[in-house]
Amino acid sequence: MAKAAPPKKPATKTAKPAAMPNGLDVGQKAPAFALPADDGSVVKMKDLKGKKLVLYFYPKDMTPGCTTEAIDFSAQKKAFEKAGAEVFGISKDSVERHLKFREKHDLAVRLLSDEGGEMLEAYGVWAEKSLYGRKFMGINRTTFLIDETGVIARIWQKVKVKNHADEVLDAVKAL
């Protein structure tokens, strides 16, 4: 008597990551920006043409997860540069608070201040959040990889900080 063939497993498809809540998606032109940095300069997207950009949006300076993320990206700064990318951390914190944050933790990446929230809105990371039943507006921890032509190559939503900088560096190298 012949053995019955094992049941076939359903074909699995790799799910395409969801677009941002505002519809921004991989393959689209990244929204332009011009923001003040912690070093006193103004960083403009148009001045960064020809470079890969890593834009990581984080909720707040001096908090545990945000500190870990900034330290991890800073530790990899030279590797990102070698791969042709510049890394920027972005939050609503003031330039002054960014400067204190950078100095306290000896951060190597530049931090951009979007106190008005225009860039946060354009990138779809400003959203309603909930903590212990309380609803409030805040930044969803999200990272964008933008190619040399200004097109979004990858989006990481709901970022878990552990090993995130390494994962982003691998994606930059593969681009």
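Going by the structure above, here's the rest.
Residues numbered from 1 in each chain as written. Predicted model: local features only at pLDDT ≥ 70, side-chain atom pairs only at ≥ 80, totals over all residues. Heavy atoms only, no water.

Novice: Looking at this structure, I do not really get the overall build of the protein. What am I missing?
Specialist: Across its full length, the protein holds 5 helices and 9 strands. Listing every helix and strand of the protein by position from the N terminus yields β-β-β-α-α-β-α-β-α-β-β-β-β-α. For the protein, the proportion of its 175 residues judged to be buried stands at 43%. Long-range contacts, defined here as pairs at least 24 residues apart, represent 65% of the contacts in the protein between residues at least 6 apart. Roughly 10200 Å² of accessible area belongs to the protein as shown, and the carbon and sulfur atoms make up 55% of that amount. (Helix = DSSP H or I, 4+ residues; strand = E, 2+ residues; numbered from the N terminus. Buried < 20%, exposed > 50% of the residue type's maximum accessible area, 1.4 Å probe, protein only. Contact = heavy atoms within 4.5 Å. Areas by Shrake-Rupley, 256 points an atom, 1.4 Å probe, with all protein chains shown as cover.)

Novice: Help me out: how do you make sense of unusual backbone geometry in this one?
Specialist: Phi is mostly negative for residues that are not glycine, and the peptide bonds are mostly trans. Its identity is not glycine, yet Asp106 carries a phi of approximately 50 degrees, on the positive side. On the accessibility criterion, Asp106 (69% relative accessible area) is exposed. The backbone of Asn163 sits at a positive phi, close to 65 degrees, despite the residue not being glycine. In this fold, Asn163 is placed in the loop between strand 9 (152-156) and helix 5 (164-174). On the basis of relative accessibility, which here comes to 47%, the residue Asn163 falls in the partly exposed class.

Novice: Before we go on, may I ask you to explain helix 5 in this structure?
Specialist: An α-helix turns once every 3.6 residues. As a result, residues three or four positions apart point the same way. Every buried residue belonging to helix 5 is among His164, Ala165, Val168, Leu169, Ala171 and Val172, and all of these are buried. Burial along helix 5 is one-sided: seen end-on, the buried residues are contained in an arc of 160 degrees. Summarising the geometry of helix 5, the exposed residues directed more than 90 degrees from the buried face are Asp170, Lys173 and Ala174. (Arc of directions from axis to C-beta.)

Novice: I would appreciate a short explanation of the pattern of salt bridges in the present structure.
Specialist: Oppositely charged side chains may form a pair once their charged atoms are brought near each other. For the structure on display, the rule yields 9 salt bridges. With its nearest N and O atoms 2.7 Å apart, the salt bridge here joins Glu69 to Arg141. Highlighted residues: Glu69 in helix 1 (residues 64-75) and Arg141 in the loop between strand 7 (134-139) and strand 8 (142-146), separated in sequence by 72 residues. Note on accessibility: Glu69 and Arg141 belong to one class, buried. (Salt bridge = Lys/Arg side-chain N within 4 Å of Asp/Glu carboxyl O.)

Novice: Please clarify how the nonpolar core should be interpreted in this entry.
Specialist: Soluble globular proteins tend to pack their nonpolar side chains together in the buried interior. Core analysis: the largest hydrophobic core is formed by 24 residues, its most contacted members being Phe33, Leu55, Phe57, Tyr123 and Phe144. Counting residues per element, the ones that place at least two in this core are strand 3 (52-57), strand 4 (85-91), helix 4 (118-122), strand 8 and strand 9. Broken down by element, the residue count for this core peaks at 3 residues, all from strand 3. The contact partners of Tyr123, leaving out residues within four places of it in the chain, are Met20, Asn22, Leu24, Ala30, Pro31, Phe33, Met45, Leu55, Phe57, Phe144 and Ile146. The next biggest cluster of nonpolar side chains, apart from the first, holds 22 residues, and it includes Phe80, Ala83, Val109 and Ala171. (Core = buried A, V, L, I, M, F, W, Y, C linked by side-chain atoms within 4.5 Å.)

Novice: I'm lost on the pairing of strand 7 in this one. Help?
Specialist: Where strand 6 (residues 126-131) and strand 7 come together, 6 bridges link them in antiparallel fashion. Across the sheet, the residue bridging to Trp126 is Ile139, located in strand 7. Between strand 6 and strand 7, which pair antiparallel in sequence order, lie 2 residues; one of them, Tyr132, sits at a positive phi of approximately 55 degrees. (Pairing = 2+ DSSP bridges.)

Novice: Sorry if this is basic, but what is going on with the packing of aromatic side chains here?
Specialist: Given two aromatic rings, one states the distance between the centres and the angle between the planes to describe the pair. With the rule as written, the count across this model stands at 7 aromatic pairs. Here Phe57 and Tyr123 contribute two aromatic rings whose centre-to-centre distance is 5.4 Å and whose plane-to-plane angle is 40 degrees, an arrangement assigned as tilted. Note that Phe57 is positioned in strand 3 and Tyr123 in the loop between helix 4 and strand 6, a separation of 66 residues in sequence. The class of Phe57 is buried, set by a relative accessible area of 0%. (Phe/Tyr/Trp six-rings, centres within 6.5 Å; stacked < 30°, edge-to-face > 60°.)

Novice: I tried to follow the pairing of strand 3 on my own but got confused; where do I start?
Specialist: A regular strand places its side chains so that they alternate between the two faces of the sheet. Of all 6 residues in strand 3, 6 are buried, a share of seventy percent or more. Along strand 3, one buried face is formed by Lys52, Val54 and Tyr56 and the opposite face, lined by Leu53, Leu55 and Phe57, is buried too. Here strand 3 pairs with strand 4 via 6 bridges, running parallel. Paired with Leu55 across the two strands is Phe88, which belongs to strand 4. Relative to strand 8, strand 3 runs antiparallel, the two sharing 5 bridges. Bridging from a neighbouring strand, Tyr56 pairs with Thr143 of strand 8.

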